Amino acid sequence: MTSRFQLPCTSILSLFLGALAFAQTNAADDNESIKKTALDYIEGWYAGDAVRMERALHPELAKRMISTDPKTGRSQFNHMGALALVQRTRDGGGRKTPQDRQLKEITILDRYNNAAVVKIVASDWIDYLEVAKFNSEWKIINVLWELKPKPSTQ
């Protein structure tokens, strides 16, 4: 004997499970796309590949770092936009890093809908990327970065 509620409940459950499976697949696809964007950024830098770098960035990117002036001890605000970063990539700034030192450890720290925060541990610095889905593509919007301390030579 079947209940008159059995068919609607089964249908609702099937729709829910299907939506859940789609959301999990979509999240996994987005995570892979986020990692690909981060790799375009860091590998593009190391290779001097301006096309990969530009593909990773939103045109309004802000890359910032706070440094300390060694003479005065005062903080300095350093800023670079997307065009300058693409040009420095094209000029080969990253190619100065030997291949055996080219770290590119990528970790998605957090993600919610169309926004994510990604950490990249690179050879001499750490980048914190704010990434957003823009016109269906993941783009780096902001980068806050910090140089690693230089190893002491004794």
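Residues numbered from 1 in each chain as written. Predicted model: local features only at pLDDT ≥ 70, side-chain atom pairs only at ≥ 80, totals over all residues. Heavy atoms only, no water.

Student: Looking at this model, I keep getting lost on the pattern of salt bridges. Mind explaining?
Tutor: Oppositely charged side chains may form a pair once their charged atoms are brought near each other. Under the defined criterion, the tally for this structure stands at 9 salt bridges. Residue arginine 111 pairs with aspartate 30 through a salt bridge whose shortest N-O separation is 2.8 Å. With arginine 111 in strand S3 (residues 104-112) and aspartate 30 in helix H1 (residues 6-47), the pair connects residues that are 81 residues apart, well separated along the chain. For aspartate 30, a relative accessible area of 7% puts it in the buried group. Between lysine 104 and glutamate 43 there is a salt bridge; the shortest N-O distance is 2.7 Å. With lysine 104 in strand S3 and glutamate 43 in helix H1, this residue pair connects regions lying 61 residues apart in the sequence. (Salt bridge = Lys/Arg side-chain N within 4 Å of Asp/Glu carboxyl O. Helix = DSSP H or I, 4+ residues; strand = E, 2+ residues; numbered from the N terminus. Buried < 20%, exposed > 50% of the residue type's maximum accessible area, 1.4 Å probe, protein only.)

Student: Is there a simple way to think about a nonpolar patch on the surface in this case?
Tutor: Nonpolar side chains collect at one region of the surface, where Leu109, Tyr128 and Leu144 lie side by side and expose about 280 Å² of accessible area between them. Secondary-structure assignment places leucine 109 in strand S3. (Patch = residues over 30% accessible without salt bridge, like charges linked within 9 Å, V, L, I, M, F, W, Y side chains within 5 Å. Areas by Shrake-Rupley, 256 points an atom, 1.4 Å probe, with all protein chains shown as cover.)

Student: Which parts of the structure should I look at to understand the sheet that holds strand S6 (residues 137-147)?
Tutor: In a beta sheet, neighbouring strands are held together by backbone hydrogen bonds and run either parallel or antiparallel to one another. With mixed pairing, the 6 strands of this open sheet are ordered in space as S2-S1-S6-S5-S4-S3. One side of each edge strand has no neighbouring strand; the edge strands of this open sheet are strand S2 (75-81) and S3. Direction aside, the axes of adjacent strands within the sheet are offset by 20° on average. The sheet contact formed by S3 and strand S4 (residues 115-122) spans 8 bridges and is antiparallel. (Pairing = 2+ DSSP bridges. Axes fitted to C-alpha atoms, helices over the stretch in contact; angles between N-to-C directions.)

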